[in-house]
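These are the residues of each chain, in order.
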Amino acid sequence: MRVVNPDRVVGVLALVLALTAPLYVSPYWVGTLLTQMLFLGIVAASLIFLSAYGGMVSLAQVAIYGIAGFVVGNATTNNTKGLNLGWNPWWGVVAGIVVAVGVGLLFGALASRSVGIYFLMITLTYSVIANLTFAQVTDVSGFGGISGISAPRGVGPVDAHQNRLYYVSLGVALAIYLLLRYVARTPFGLTLQGVRDDPVRMASLGYNVVLHRTAAFAFASFVAAVGGVLFVWWNGHIDPASIDLGATIDVLVIAVVGGLYRIEGAWVGALFFVIVNNYSQQISFIGPRFHTLIGAIFLIIVLLSPGGLVGLWERVVTFSSGRGGGPSDRNPIEVGQVEPSI
């Protein structure tokens, strides 16, 4: 008799609930909370992919998604700050993703020779550079940012048709999830996991460690760029504050709280984050202290379950099924501590 997999049951149930959400939740939930959860989850998924399968914890994903958003804003608007090119929105999407992936490829090529804390700090530097660049170069943004960014016909206007953008975001999020799971099982994904576990041995076997890390970073940049496009469609505006250090830390918190070693954790953490962010603002003594609250929650979850909320769920399933705590391929991944051979 075949045993029912609890993860698959929960996954199917979550998909059904997501597809029918507009039928039983308010328009505010659909247009604000759930749509925001979907594109934040996509950005966090790019971070989790690099961490779980490449051993690289990147703080540059928000910068990449911001670059895509700024390019879309400059390319598609015609009566605001920026270049005002007035392109077709779909061409703006293509330009935003291509530029973001190109920048991500450059970032990855520079950072991929580093490991551990050095890689983390280099990618944090990328995030700061991106924020300061868009704040100071007024030809493409300035502190005020770019407003009036519209979604393409058929998706927008977002204010009048919130369900459209929600279902587009849901479809894109599902496609990204399946793509990440597929890539992880390809020869490239398996090689990347070998590089994650022992870069020196993989280099001695003839694999180009730097090239694999660079390619992984570029692929994760594509995923983050898609999230950036959905963000500017949803928000209609982007400015340097959208990709500041606070936003960078928020995505890291989402990934860690959801589960830094499981792709599903990206959307679990994003849902938790947007709900806490929204409803904590209504509590007078918490309102302006949201980051203090989320920081305390972050600390508690890390101490109780290093695998985040998804890891906590797996513990519950393991306990309820009576299975022992034997080896598992879902255990936290150790980032290589040795410098790879080039």
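Bear in mind the structure is a predicted one, so any value in this text is a computation, not a measurement. (Residues numbered from 1 in each chain as written. Predicted model: local features only at pLDDT ≥ 70, side-chain atom pairs only at ≥ 80, totals over all residues. Heavy atoms only, no water.)

1. Topic: the overall build of the chain
Next, step 1: Scanning the chain from N- to C-terminus turns up 14 helices and 2 strands.
Next, step 2: Considered along the principal axes of its C-alpha atoms, the chain spans approximately 60 × 50 × 40 Å.
Next, step 3: Scored against the burial criterion, the 342 residues of the chain give a buried share of 49%.
Next, step 4: Counting only contacts in the chain whose residues sit at least 6 apart along the sequence, the fraction spanning at least 24 positions is 76%.
Next, step 5: Separation of charge centres in the chain, based on 16 positive and 13 negative side chains, amounts to 8 Å. (Helix = DSSP H or I, 4+ residues; strand = E, 2+ residues; numbered from the N terminus. Buried < 20%, exposed > 50% of the residue type's maximum accessible area, 1.4 Å probe, protein only. Contact = heavy atoms within 4.5 Å. Lys, Arg positive; Asp, Glu negative; His and termini not counted. Charge placed at Lys NZ, Arg CZ, Asp CG, Glu CD.)

2. Here we look at the pattern of salt bridges
Next, step 1: One pass over the full model with this rule turns up 5 salt bridges.
Next, step 2: Across the salt bridge formed by D197 and R196, the nearest N and O atoms sit 2.7 Å from each other.
Next, step 3: When its relative accessible area of 10% is taken as the criterion, R196 is described as buried.
Next, step 4: With its nearest N and O atoms 3.8 Å apart, the salt bridge here joins R201 to D198.
Next, step 5: Using a relative accessible area of 55% as the deciding quantity, one classes R201 as exposed.
Next, step 6: The class for D198 is partly exposed, based on a relative accessible area of 27%.
Next, step 7: Salt bridges sharing common partners tie together R181, R262, E264 and E314. (Salt bridge = Lys/Arg side-chain N within 4 Å of Asp/Glu carboxyl O.)

3. Some details on the packing of helix α1 (residues 6–19) against helix α7 (residues 162–185)
Next, step 1: Contact geometry for α1 and α7: axes closest at 11 Å, N-to-C directions at 160 degrees. When the axis of α1 is compared with that of α7, the two are roughly antiparallel. Contact with α1, carried on its side by L15, A18 and L19, involves Y166, Y167, L170 and L174 of α7 and no other residues of that element.
Next, step 2: Here the residues of the contact of α1 with α7 sort into 7 nonpolar, no polar and no charged. (Axes fitted to C-alpha atoms, helices over the stretch in contact; angles between N-to-C directions. Parallel < 35°, antiparallel > 145°, perpendicular 65-115°, else oblique. Nonpolar A, V, L, I, M, F, W, Y, C, P; charged D, E, K, R; others polar.)

4. Quick notes on the nonpolar core
Next, step 1: Formed by 90 residues in total, the largest nonpolar core has its most connected members in F49, Y166, L180, W233, I263 and W267.
Next, step 2: Here this core gets 16 residues from one element, more than from any other, and that element is helix α3 (residues 27–54).
Next, step 3: Excluding its chain neighbours within four sequence positions, the residues that come into contact with F49 are G54, L180, V183, L192, A216, F219, A220 and I263. (Core = buried A, V, L, I, M, F, W, Y, C linked by side-chain atoms within 4.5 Å.)

5. Section: helix α5 (residues 89–111)
Next, step 1: Along its 23 residues, α5 runs 32 Å from first to last C-alpha, staying within 8% of the 33 Å computed at 1.5 Å per residue.
Next, step 2: If you check the start of α5, you find a side-chain oxygen 2.8 Å away from the backbone N of W90, and it comes from N88. (Expected span 1.5 Å × (residues − 1). Polar contact = N/O pair within 3.5 Å; in protein donor to acceptor, adjacent residues only side chain to side chain.)

6. Quick notes on the environment of R213
Next, step 1: Within the element layout of this structure, R213 appears in helix α10 (residues 209–235).
Next, step 2: Judged by relative accessible area, R213 falls into the buried class, the value being 4%.
Next, step 3: Taking the C-alpha atoms as reference points, R213 and Y279, separated by 66 residues in sequence, lie 39 Å from one another.

7. Here we look at the confidence of the model for the chain
Next, step 1: On average, residues of the chain carry a pLDDT of 88, and 92% of them reach 70 or more.
Next, step 2: Confidence, expressed as mean pLDDT per element, reaches its minimum in the chain at helix α14 (residues 308–321) with 81 and its maximum at α10 with 96.
Next, step 3: Considering only residues more than four positions removed or in separate chains, one finds that residues 325–342, a stretch of pLDDT under 50, has 29 contacts. (pLDDT = per-residue confidence, 0-100.)

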